[in-house]
Amino acid sequence: MLALTHDRFGEPTDVIAPANVPVPEPQAGEVRLRLLRSPIHNHDLATIRGVYGYKPTLPAIAGSELVGAIDILGDGVQGLKPGMRVAAMTRGAWAEYVIVPAQAAVPMPEAVEDDRACQLLAMPLSALVLFDDLRTEPGMWIAQNAANGAVGRILMRIAQASGVNVINLVRRDDAADELRSYGAKHVVVTDRDGWQAQVRELTGGKGVARLVDSVAGPQSLDMQRLLAQHGELIVFGGLSGAAMKLDPSLMISAETVVRGFWMTSWMQRASHDERAATMKRIFELAMTNELPLPVSATYALGDAHDALRAAETPGRAGKVLLRV
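Residues numbered from 1 in each chain as written. Predicted model: local features only at pLDDT ≥ 70, side-chain atom pairs only at ≥ 80, totals over all residues. Heavy atoms only, no water.

### Quick word on the pattern of salt bridges
A side chain of one charge can pair with a side chain of the opposite charge when the charged atoms of the two come close. The tally for this structure, following the rule as stated, stands at 20 salt bridges. For aspartate 7, the salt bridge is made with arginine 8, and the minimal N-O distance between the two is 3.8 Å. For arginine 8, a relative accessible area of 44% corresponds to the partly exposed category. Between glutamate 11 and arginine 49 there is a salt bridge, with its nearest N and O atoms 2.9 Å apart. In this pair, glutamate 11 is assigned in the loop between strand S1 (2–6) and helix H1 (12–15) and arginine 49 in helix H2 (residues 42–49), connecting sequence segments 38 residues apart. Classification of glutamate 11 as partly exposed rests on a relative accessible area of 41%. (Salt bridge = Lys/Arg side-chain N within 4 Å of Asp/Glu carboxyl O. Buried < 20%, exposed > 50% of the residue type's maximum accessible area, 1.4 Å probe, protein only. Helix = DSSP H or I, 4+ residues; strand = E, 2+ residues; numbered from the N terminus.)

Shown next, in the form of structure tokens:
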């Protein structure tokens, strides 16, 4: 079968190579999926570069989420059947056939098409759990950078629906227009002079109680300066690839908190009931079209390099997907 593999860490277009590998066989309690769609996430690219919180044993098949049709059931699997369409988060998703634990296979309703189904777990789940982790209340002001990304769009919709004021920080006017098309009420373009003052004005001069930083690096200092007294800076990503810059005196005087959020840790500590309840909320949002999950392009596995370049093109209007 065809799979996208890498035997070293580095730039994705340099190290990812389509390869013919044996078709895997499911063990007891597992199912084999035939790939329908798989997204290219930022954390997939970071994993390939070797800078993510998890490093696979090499050589490795890349990818972490997919929707697929069940091909074969392993021994003892109940409640699933061949041909059923399911989504899953699993390592090695960029391949024609993928093995997943049966308990990780989430059946998809027909109303959720492949393009959305393949994105339904990682980003929406992260956005929903992240929002809960922010411990907000109606009327509170929060902000996020990289707000035109998948998590940013979803977090914005969830926050606004909960009565929370969210300021969406983006670098370009076209990204701002795109966010407004998804219903964003407050968008600030950071490439314009005076953008920090604009944020302060929106909050009545008080600053934001929570700020989600998906970029990190030197610009984290600008984010820190937007915090209100006792505010929190939550590091969700590291798109800059650089170390954070912070002002310790500001942290002390404003008694602010800087902390991280990693969805993998939540998945490990959450109970079965907590995970099930969160997935129920995700499905409710998906069935009412409240999850903005646009797709910019879809590529065959054999066109991986074109897909990877597209995934890192600034200004793309949605996820880049892979198919067989």
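### Description of the nonpolar core
Among the nonpolar cores identified, the biggest contains 53 residues, and Met108, Leu120, Leu130 and Val170 are the most heavily contacted of them. Ranked by the residues each element gives to this core, the list is headed by helix H4 (residues 122–134), at nine residues. Setting aside residues up to four positions removed in sequence, methionine 108 forms contacts with Val67, Arg85, Val86, Ala87, Ala117, Leu120 and Phe283. Core analysis: the next-biggest nonpolar cluster, separate from the first, contains 33 residues, Leu45, Ile48, Ala93 and Ala304 among them. (Core = buried A, V, L, I, M, F, W, Y, C linked by side-chain atoms within 4.5 Å. Contact = heavy atoms within 4.5 Å.)

### Digging into the environment of glutamate 113
Residue position: glutamate 113 is located in the loop between strand S8 (106–107) and helix H3 (114–117). With relative accessibility at 38%, the residue glutamate 113 sits in the partly exposed group. With 46 residues separating them in the primary sequence, glutamate 113 and valine 67 have C-alpha atoms 9.6 Å apart.

### Quick look at the pairing of strand S12 (residues 208–213)
Across the six residues that make up S12, a large majority, six, are buried. By the bridge criterion, three bridges tie strand S9 (residues 141–144) to S12 in an arrangement that is parallel. Of the residues in S12, the one forming a bridge with alanine 143 is leucine 211. Direction of pairing for S12 relative to strand S13 (residues 227–235): parallel, over a ladder of five bridges. Note that in S13 the partner of aspartate 213 across the bridge is valine 235. (Pairing = 2+ DSSP bridges.)

### Considering the packing of aromatic side chains
Under the criterion given, the structure shown has two aromatic pairs. Residues tyrosine 52 and tryptophan 262 carry aromatic rings whose centres are separated by 5.9 Å and whose planes lie at 80° to one another, so their mutual orientation is edge-to-face. A residue pair is termed long-range when its members are at least 10 positions apart, and tyrosine 52 in the loop between H2 and strand S4 (60–61) and tryptophan 262 in the loop between strand S14 (257–260) and helix H10 (263–269) qualify at 210 residues. Given a relative accessible area of 28%, tyrosine 52 falls into the partly exposed group. Centre to centre, the rings of phenylalanine 236 and phenylalanine 261 are 6.0 Å apart; their planes meet at 20°, and the pair counts as stacked. (Phe/Tyr/Trp six-rings, centres within 6.5 Å; stacked < 30°, edge-to-face > 60°.)

### Brief notes about the packing of H4 against helix H5 (residues 150–161)
Geometrically, a packed helix pair is captured by the angle between its two axes and the distance between the axes. For the pair H4 and H5, interaxial distance at closest approach is 9 Å and the crossing angle is 45°. With respect to H5, the axis of H4 lies oblique. Classified by chirality, the crossing of H5 by H4 is right-handed. Of the residues in H5, those touching H4 at Met123, Pro124, Ala127, Leu128, Leu130 and Phe131 are Ala150, Val151, Ile154, Leu155, Ile158 and Ala159. Along the lines of polarity and charge, the residues of the contact of H4 with H5 split into 12 nonpolar, no polar and no charged. (Axes fitted to C-alpha atoms, helices over the stretch in contact; angles between N-to-C directions. Parallel < 35°, antiparallel > 145°, perpendicular 65-115°, else oblique. Left-handed = near helix turned anticlockwise from the far one by under 90°. Nonpolar A, V, L, I, M, F, W, Y, C, P; charged D, E, K, R; others polar.)

### Brief notes about the packing of H4 against helix H11 (residues 272–287)
Packing of H4 against H11 leaves a shortest axis separation of 10 Å and a crossing angle of 115°. By the criterion of interaxial angle, the relationship of H4 to H11 is roughly perpendicular. The chirality of how H4 crosses H11 is right-handed. Seen from H4, the contacting residues are Pro124, Leu125, Leu128, Val129 and Asp132; seen from H11, they are Thr278, Met279, Arg281 and Ile282.

### Observations regarding the side chain of lysine 319
Mapped onto the elements of the fold, lysine 319 is located in strand S16 (residues 319–323). Buried within the structure, lysine 319 lacks any salt-bridge partner; aspartate 44 is the closest side chain of opposite charge, at an N-O distance of 6.8 Å. Once residues within four sequence positions are removed from consideration, lysine 319 is found in contact with Ile40, His41, Asn42, Gln119, Met123, Ala150, Pro294, Val295, Ser296 and Ala297. (Lys, Arg positive; Asp, Glu negative; His and termini not counted.)

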